[in-house]
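Analysis of the macromolecular model
Next come the chains, spelled out residue by residue.
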Amino acid sequence: MSVIRNSIKTFHPAYFAMVMSTGIISIASSLLGFQGIAYALFYINLFAYATVLSLQLLRVRMFWSNLYNDLSNPKLSLVFFTTVAGTNVLGAQFVTVVNQPEVAKIFWYFGIFLWTVVSLSTFSVLFIKCDQRIEVVMHGGWLIATVGTQSVAVLGALLAPKFGDAGSFVMFSSFVWWMIGSFLYMILITLIIYRLVFFKVSPDALVPPYWINMGALAITTLAGSILCINIPKIEGPYVDFLGFTKGFTLFFWSFGTWWIPFLIIIGIWKYVYNRTPFKYSPLYWGMVFPLGMYTVCTIRLSQAIQLPFIANISNYFIYAAYIAWGFIFVNMIISMVKAATAKEAAIKKEEKIVQPQMTSVAKG
């Protein structure tokens, strides 16, 4: 019980990034025709989401002060947007993989609720309490705010044709979230590049969080692409937005593609040149997610702007996503086993120390 309580107490909000990563790779697999893998990852994700959400709710109930400390920490606060993204990505699986839009609507409503709570709380805390310098707190993980916001736009745009007469309002809402997410990206990436260029960054701080630089652009591309694909189904005034949306969607995809070689170079600099040993952290799921998201957004972009040859990139990129997911998943299991074993050993050691003391007191 002590091990379980301690796990809940120290639970990292970034574990929702596992749900994000598993869900988007499942969707990519479905779009590419790997239905067996898509369904397997879907069921894994259902279990993962239920587990992670339960642990987070238990932490709210049992260790609110610890969770509030994380919310108040500028390095961690925006990571809570992974709860929003994980919820909406699982909802997108219900639409794309198993074709259950009515269930997906429930996840969208819950995702909107989470986005409202997380966005208002995290940014309010940052505005009011953050007094640290940019080079101390700023990192690529802040772009999770964009990812969470765009995930609401993605699921809304997917579901808009399923809402009947209300579809026009859902499409409008999705456009609003798409533009809010795009604005957040523009602001945050400017600060991140400023931080990377003008302040020294240690090798330990690089790689996992900064892959979100590309992942945030990929999900922005996906949201724009789905909006373009579904505008003809909704019609109305949105037809006038089609050219604008296609142009900006291609802009975001191009910028995201530009980031990939730089992220590879940074990884080589960290692990090869500086010989930084790999140590599992839930933040590494933020490195898997962009690979799956880039695969999906490239497929959808090719459909939106009717350039099929772009989709060929996804036929190869999906294998990088599989390898990354498998590697991080295995290391997560190993890390959990080691942590649980170490905690049990520590508890037993404490019991052995206390037991002789109690015995001597009894004898006295």
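Everything in this summary refers to the structure shown in the same document. Each residue is numbered by its place in its chain's sequence as written, counting from 1. Given that the model is predicted, a residue must reach a pLDDT of at least 70 before its local features are reported, and side-chain atom pairs must reach 80 or more before they are shown or counted; all residues, however, enter totals for whole chains, interfaces and linings. Only heavy atoms go into the side-chain values, all of them from the structure, while hydrogens and water stay out.

**A look at unusual backbone geometry**
A positive phi angle is found at Asn-99, which is not glycine, with a value near 55°. Helix and strand labels come from DSSP, where a helix needs a run of H or I of at least four residues and a strand needs a run of E of at least two; each type is numbered from the N terminus. Structurally, Asn-99 can be placed in the loop between helix H5 (81-96) and helix H6 (101-129). In this model, Gln-306 sits at a positive phi of 55°, which is unusual for a non-glycine residue. Looking at the secondary structure, you find Gln-306 in the loop between helix H12 (285-304) and helix H13 (312-363). When a residue's accessible area, from a 1.4 Å probe over protein chains only, is under 20% of the maximum for its type it is buried; when over 50% it is exposed; and in between it is partly exposed. Exposure remark for Gln-306: the relative accessible area of 63% places this residue in the exposed category.

**Quick word on helix H4 (residues 64-72)**
Leu-67, Asp-70, Leu-71 and Ser-72 are the residues of H4 that are buried. Of the surrounding elements, those touching the buried residues of H4 are helix H3 (35-62) and H6. Only heavy atoms matter for contacts: two residues are in contact if any of them lie within 4.5 Å across the pair.

**Concerning the packing of aromatic side chains**
Any two of the Phe, Tyr and Trp rings considered here, Trp counted by its six-membered ring, make a pair once their centres fall within 6.5 Å; the pair's planes then place it as stacked at under 30 degrees, edge-to-face at over 60, or tilted in between. Evaluation of the coordinates by the stated rule reveals 39 aromatic pairs. With a centroid separation of 5.2 Å and an interplanar angle of 65°, the aromatic rings of Phe-42 and Tyr-43 are classed as edge-to-face. Look at Phe-42 and you get buried, because its relative accessible area is 3%. With a centroid separation of 5.2 Å and an interplanar angle of 65°, the aromatic rings of Phe-251 and Phe-252 are classed as edge-to-face. Its relative accessible area of 39% is what places Phe-251 among the partly exposed residues. Here the aromatic residues Phe-175, Trp-178, Tyr-238, Phe-241, Phe-244, Phe-248, Phe-251 and Phe-252 are joined through ring pairs into a cluster of three or more. Lying over the aromatic face of Phe-163, Lys-105 brings its terminal NZ or CZ to 4.4 Å of the ring centre. In this scheme, the term charge over a ring applies when either NZ of a lysine or CZ of an arginine sits within 6 Å of the ring centre and within 35 degrees of the ring normal.

**Brief notes about helix H10 (residues 212-234)**
Expected span of a helix: the number of residues minus one, times 1.5 Å. Taking 1.5 Å per residue as the helical rise, H10 with its 23 residues ought to reach 33 Å, and the 32 Å between its terminal C-alpha atoms agrees with that figure. Think of it this way: the bend at a residue is just the angle between two axes, each fitted to seven residues, one set ending at that residue and the other starting at it. Of all the bends found along H10, the most pronounced is centred on Cys-228 and spans about 25°, while Pro-232, a proline, follows it within four residues. The buried fraction of H10 amounts to 20 of the 23 residues, a majority that puts the element mostly inside the structure. A positive phi of about 60° marks Glu-235, the residue just after H10.

**Considering the pattern of salt bridges**
Salt bridges are defined as contacts in which a side-chain nitrogen from Lys or Arg sits within 4 Å of a carboxyl oxygen from Asp or Glu. Inspection of every chain in the model, using the stated rule, returns three salt bridges. As a salt-bridge pair, Arg-59 and Asp-70 come within 2.8 Å of each other at their nearest N and O atoms. Of this pair, Arg-59 sits in helix H3 while Asp-70 sits in helix H4, placing them 11 residues apart in sequence. By relative accessible area, which is 3% here, Arg-59 ends up buried. Glu-102 is the salt-bridge partner of Lys-105, the closest N and O atoms lying 3.2 Å from each other.

**A short note on the nonpolar core**
Ile-25, Phe-81, Trp-108 and Trp-285 are the most contacted members of the largest nonpolar core, which totals 110 residues. A total of 13 residues in this core trace back to one element, the largest contributor, which is H10. Excluding its chain neighbours within four sequence positions, the residues that come into contact with Trp-285 are Ala-17, Met-18, Ser-21, Tyr-280, Trp-325, Ile-328, Phe-329 and Met-332. Buried Ala, Val, Leu, Ile, Met, Phe, Trp, Tyr and Cys residues form a nonpolar core when they are joined through side-chain atoms within 4.5 Å.

**Describing the environment of Arg-59**
Taking the C-alpha atoms as reference, Arg-59 lies 33 Å from Ser-29; in sequence the two are 30 residues apart. Residues in contact with Arg-59, not counting those within four places in the same chain, are Ile-8, Lys-9, Phe-11, Trp-64, Asn-66, Leu-67 and Asp-70. A polar side-chain atom of Arg-59 sits 2.8 Å from a polar atom in the side chain of Asp-70. N or O atoms within 3.5 Å of each other form a polar contact, as long as, within protein, one can give a hydrogen and the other can take it, and as long as residues adjacent in sequence are counted only when both atoms are side-chain atoms.

So yeah, pure geometry; function would need other evidence.
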